[in-house]
Amino acid sequence: MKTMHHVLAGETVGLITAHPDDHLIHAHSLEAARYAANGVHELIATQGRGSTLNYRRAEGFDVRGGQRSQEARAAAALLGIQSVRQLDARDGNLTTESASVVPATARWLIEREISLVLTLGGLTDHPDHSATTGIAQAAARAATEYTGQPIRIFAVHANGAGKYHTEATPDSMARAYQAAALHGSQFLLSQTVRPDWPIVPGGFSAHPDTAAGLGQYPILFDASYSEYGPVAPAGAPPEIALAASR
């Protein structure tokens, strides 16, 4: 079996996510990266203003403002992510044509010297998730055009169909739910067990809607990835390569 632990070894990892809480989907691989990778950095394409699971119930949370971004940085630090860059592409309509998202991502790849990218593109539950691999590919071509260094791209799958796997461990599951608890404006998790809510790993109980939402992602089970690279220079549009160099 091919494991992501070996894939991540010695790499500077870039996480390209669509929304502020999407790093939770990679929690098991981020746990592996703590011991194998040469640092992890995250680029979040949107502010997450249009996708808040429990916004009607999360009284007291500024779910349409900047609170999700603040929560994202706290959760990222818990997950072992060294830095977070956040763009302001349109939430709910993320594509490679979103204004400046590809040039900005290319610049980030170059600045952080990213050698391997993890994306959400193998998921089909949300078009923004699916778009992250296309954005990574376009940006990686531009960055590689400029630096000459190929970038490997891996997309996570929800159904275990990928060739590369990361084992879910008690530590990675507990950390995933501890990080989820920091995303208060998106998820409702109780720090203590509530009898009327399902119990999730890490000593928390979750609102039934939250538990169902988290359950569709590789948090409770092993994650799997497919490789969409390495991306070599292939005539990236000159304006993108130029923007990447600035």
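Structure's up top.
Residues numbered from 1 in each chain as written. Predicted model: local features only at pLDDT ≥ 70, side-chain atom pairs only at ≥ 80, totals over all residues. Heavy atoms only, no water.

Concerning the pattern of salt bridges
Here comes step 1: Scanning the model with the defined rule gives 5 salt bridges in all.
Here comes step 2: Residue Arg68 is joined to Asp21 by a salt bridge in which the shortest nitrogen-to-oxygen separation is 2.4 Å. With Arg68 in helix H3 (residues 67–78) and Asp21 in the loop between strand S2 (13–17) and helix H2 (27–36), this residue pair connects regions lying 47 residues apart in the sequence. In this pair, the class of Arg68 matches that of Asp21, namely buried.
Here comes step 3: One continuous salt-bridge network, built from bridges that share partners, spans Glu31, Arg34 and Arg175. (Salt bridge = Lys/Arg side-chain N within 4 Å of Asp/Glu carboxyl O. Helix = DSSP H or I, 4+ residues; strand = E, 2+ residues; numbered from the N terminus. Buried < 20%, exposed > 50% of the residue type's maximum accessible area, 1.4 Å probe, protein only.)

What about the side chain of Glu42?
Here comes step 1: Inspection of the secondary structure puts Glu42 in strand S3 (residues 40–46).
Here comes step 2: Here Glu42 occupies a buried position and makes no salt bridge, while the nearest side chain of opposite charge, Arg73, is found at 8.4 Å.
Here comes step 3: Of note is the side chain of Glu42, whose polar atom sits 2.9 Å from the side chain of His23.
Here comes step 4: Ignoring sequence-local partners within four residues, the contact set of Glu42 consists of Leu15, Thr17, His23, Ala76, Ile81, Ser83, Val84, Arg85 and Trp108. (Lys, Arg positive; Asp, Glu negative; His and termini not counted. Polar contact = N/O pair within 3.5 Å; in protein donor to acceptor, adjacent residues only side chain to side chain. Contact = heavy atoms within 4.5 Å.)

Considering the sheet that holds S3
Here comes step 1: The strand order across the open sheet formed by 8 strands is S1-S7-S11-S6-S5-S2-S3-S4, and the pairing between neighbours is mixed. The sheet terminates laterally at strand S1 (2–3) and strand S4 (83–89), the two strands that pair on one side only.
Here comes step 2: Sheet topology places strand S6 (residues 152–157) next to strand S11 (residues 223–227); 4 bridges connect them, and they run antiparallel. The residue bridging Val156 from the neighbouring strand is Tyr225, located in S11.
Here comes step 3: Across the face of the sheet, H2 comes into contact with S2, S3, strand S5 (116–119), strand S7 (164–166) and S11 while running at roughly 85 degrees to S7.
Here comes step 4: Of the strands in this sheet, S3 and S4 touch H3, which is tilted by about 150 degrees from S4. (Pairing = 2+ DSSP bridges. Axes fitted to C-alpha atoms, helices over the stretch in contact; angles between N-to-C directions.)

Details of helix H5 (residues 127–147)
Here comes step 1: Here H5 contains 21 residues, and its C-alpha end-to-end distance of 30 Å stays within 8% of the 30 Å for a straight helix at 1.5 Å per residue.
Here comes step 2: Along H5, the residues that are buried comprise Asp128, His129, Ala131, Thr132, Thr133, Ile135, Ala136, Ala139, Ala140, Ala142, Ala143 and Thr144.
Here comes step 3: Downstream of H5 by one or two residues, Gly148 has phi in the positive range, about 80 degrees. (Expected span 1.5 Å × (residues − 1).)

A short note on the nonpolar core
Here comes step 1: Counting 67 residues, the largest nonpolar core has Met4, Ile81, Leu109, Val117, Leu118, Phe154 and Tyr225 as its most contacted members.
Here comes step 2: Apart from residues lying up to four places away in sequence, Ile81 is in contact with Leu15, His23, Leu30, Val40, His41, Glu42 and Ala76. (Core = buried A, V, L, I, M, F, W, Y, C linked by side-chain atoms within 4.5 Å.)

Quick look at the pairing of S2
Here comes step 1: Of all the 5 residues making up S2, 5 are buried; the element is thus mostly covered by neighbouring parts of the structure.
Here comes step 2: Side chains of S2 alternate between two faces, with Val13, Leu15 and Thr17 and Gly14 and Ile16 buried alike.
Here comes step 3: On the question of chirality, the crossover connecting S2 to the parallel S3 by way of H2 is right-handed. (Right-handed = clockwise from strand over helix to strand, strands pointing away.)

Some thoughts on unusual backbone geometry
Here comes step 1: The phi torsion at Glu113 lies on the positive side, around 55 degrees, for a residue other than glycine.
Here comes step 2: One can find Glu113 in the loop between helix H4 (101–111) and S5.

Looking at the packing of aromatic side chains
Here comes step 1: Taken as a whole, this structure holds 1 aromatic pair when the rule is applied.
Here comes step 2: Consider the rings of Phe154 and Tyr164, whose centres lie 5.2 Å apart with planes at 90 degrees: the pair is edge-to-face. Of the two residues, Phe154 is situated in strand S6 and Tyr164 in strand S7; the sequence distance between them amounts to 10 residues. (Phe/Tyr/Trp six-rings, centres within 6.5 Å; stacked < 30°, edge-to-face > 60°.)

Points about H3
Residues separated by three or four positions in an α-helix point in the same direction, a consequence of the helix having 3.6 residues per turn.
Here comes step 1: With 12 residues, H3 should cover 16 Å at 1.5 Å per step; its first-to-last C-alpha distance of 17 Å lies within 8% of that length.
Here comes step 2: For H3, the full list of buried residues reads Arg68, Ser69, Glu71, Ala72, Ala75 and Ala76. For H3, the angular spread of the buried residues around the axis is 160 degrees, confining them to a single face. The exposed set on the far side of H3, more than 90 degrees from its buried face, consists of Gln70 and Ala77.
Here comes step 3: The positive-phi residue at the C-terminal boundary of H3 is Gly80, with phi of around 90 degrees. (Arc of directions from axis to C-beta.)

Description of the packing of H4 against H5
Here comes step 1: Interhelical geometry of H4 versus H5 gives an angle of 55 degrees and a closest axis separation of 8 Å. Considering their axes alone, H4 and H5 lie oblique with respect to each other. Handedness of the crossing formed by H4 with H5: right-handed. Seen from H4, the contacting residues are Val101, Val102, Thr105, Ala106, Leu109 and Ile110; seen from H5, they are Ile135, Ala138, Ala139, Ala140, Ala142, Ala143, Tyr146 and Thr147.
Here comes step 2: Taken together, the residues of the contact of H4 with H5 break down into 12 nonpolar, 2 polar and no charged. (Parallel < 35°, antiparallel > 145°, perpendicular 65-115°, else oblique. Left-handed = near helix turned anticlockwise from the far one by under 90°. Nonpolar A, V, L, I, M, F, W, Y, C, P; charged D, E, K, R; others polar.)

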